[in-house]
Amino acid sequence: QVQLVESGGGAVQAGGSLRLSCTASGRDFGNYNVAWFRRAPGKERAFVAAISWTTSTKYVDSVKGRFTISRDFVKNMVYLQMNSLNTEDTAVYYCAADGSGGGVPSPSQYKYENWGQGTQVTVSS
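Note that this is a predicted model, so its numbers are computed, not measured.

It is worth spelling out the layout of surface pockets at this point. Within this model, the largest pocket holds a volume of roughly 210 Å³. Split by residue class, the lining of the largest pocket holds three nonpolar, three polar and seven charged.

With respect to the element layout, Asn 33 can be found in strand β4 (residues 33-39). A polar side-chain atom of Asn 33 sits 2.9 Å from the main-chain amide nitrogen of Trp 53. Excluding residues that lie within four positions of it along the chain, Asn 33 makes contacts with Ile 51, Ser 52, Trp 53, Arg 71, Ala 96, Ala 97, Asp 98, Gly 102, Val 104, Pro 105 and Tyr 112.

Okay, the nonpolar core next. If you look at the biggest cluster of nonpolar residues, it comprises 29 residues, and the most contacted ones within it are Phe 29, Trp 36, Leu 80, Met 82 and Tyr 93. Aside from chain neighbours lying at most four places away, what touches Met 82 is Gly 16, Ser 17, Leu 18, Leu 20, Arg 66, Phe 67, Tyr 93 and Val 121.

A positive phi angle, close to 60°, is found at Asp 28, a residue other than glycine. By the element assignment, Asp 28 lies in the loop between β3 (18-25) and β4. Exposure remark for Asp 28: the relative accessible area of 48% places this residue in the partly exposed category. Phi is positive for Asn 76, which is not a glycine, with a value near 60°. On the secondary structure map, Asn 76 appears in the loop between β7 (67-72) and β8 (77-82). By relative accessible area, which is 21% here, Asn 76 ends up partly exposed.

A few words on the sheet that holds β7. The strands making up a sheet associate through backbone hydrogen bonding, with each pair oriented either parallel or antiparallel. Here we have four strands laid out as an open sheet, ordered β1-β3-β8-β7, and antiparallel in their pairing. Here the strands that pair on one side only, and so sit at the sheet edges, are β1 (3-7) and β7. Taking the axes of each pair of neighbouring strands and ignoring which way they run, one obtains an average angle of 15° across the sheet. Summarising the sheet, β7 and β8 pair through six bridges and their orientation is antiparallel. Counterpart to Ile 69 in the pairing with β8 is Leu 80.

Side chains carrying opposite charge are able to pair once their charged atoms draw close together. Throughout the structure, instances matching the rule amount to three salt bridges. The partner of Asp 61 in a salt bridge is Lys 64, with the nearest N and O atoms 3.0 Å apart. Linking Asp 89 and Arg 66 is a salt bridge whose minimum nitrogen-to-oxygen distance equals 2.8 Å. Taken together, the residues span a long stretch of sequence, with Asp 89 in the loop between β8 and β9 (91-98) and Arg 66 in the loop between β6 (57-59) and β7 at a distance of 23 residues. For Arg 66, a relative accessible area of 16% translates into the label buried.

Before going further, it helps to spend a moment on the environment of Val 92. Position of Val 92 among the secondary structure elements: in strand β9. The spatial distance from the C-alpha of Val 92 to the C-alpha of Thr 119 is 5.4 Å, given a sequence separation of 27 residues. Setting aside residues no more than four positions away along its own chain, Val 92 makes contact with Phe 37, Arg 38, Arg 39, Gly 118, Thr 119 and Gln 120.

Rules and cut-offs
- Residues numbered from 1 in each chain as written.
- Predicted model: local features only at pLDDT ≥ 70, side-chain atom pairs only at ≥ 80, totals over all residues.
- Heavy atoms only, no water.
- 1 Å grid on protein atoms, 1.4 Å probe; cavity = no way out; pocket = protein on both sides within 12 Å on 5 of 7 lines; lining within 4 Å.
- Points joined across faces, edges and corners; volume = space filled by probe spheres on them.
- Nonpolar A, V, L, I, M, F, W, Y, C, P; charged D, E, K, R; others polar.
- Helix = DSSP H or I, 4+ residues; strand = E, 2+ residues; numbered from the N terminus.
- Polar contact = N/O pair within 3.5 Å; in protein donor to acceptor, adjacent residues only side chain to side chain.
- Contact = heavy atoms within 4.5 Å.
- Core = buried A, V, L, I, M, F, W, Y, C linked by side-chain atoms within 4.5 Å.
- Buried < 20%, exposed > 50% of the residue type's maximum accessible area, 1.4 Å probe, protein only.
- Pairing = 2+ DSSP bridges.
- Axes fitted to C-alpha atoms, helices over the stretch in contact; angles between N-to-C directions.
- Salt bridge = Lys/Arg side-chain N within 4 Å of Asp/Glu carboxyl O.

Written out as structure tokens, the structure is:
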């Protein structure tokens, strides 16, 4: 089990950038696949990006070329750099971790057993 805390959310104008951070505590975080999900107002929670313990990455099509997921194995942190933000990116963003060890990160929220509390991102036009 790992504990996850997100930070870095906030309000930004369209076209701007934010970097979200996910700080983990607990053993062997380096062996976990980690993902970012988001829940937009009135919508279901949805996959955004993921990175495996082998640093393989996966993105939802709507953020490809704009968002970058990365991790720092020394600091036990995962980041989501978000550029060219638009109003459709407004959501609560969640960090999640999957300790099952697969080398390819999953876009399914059901694979992730550890979740943070979320951080709000608001993009205004």
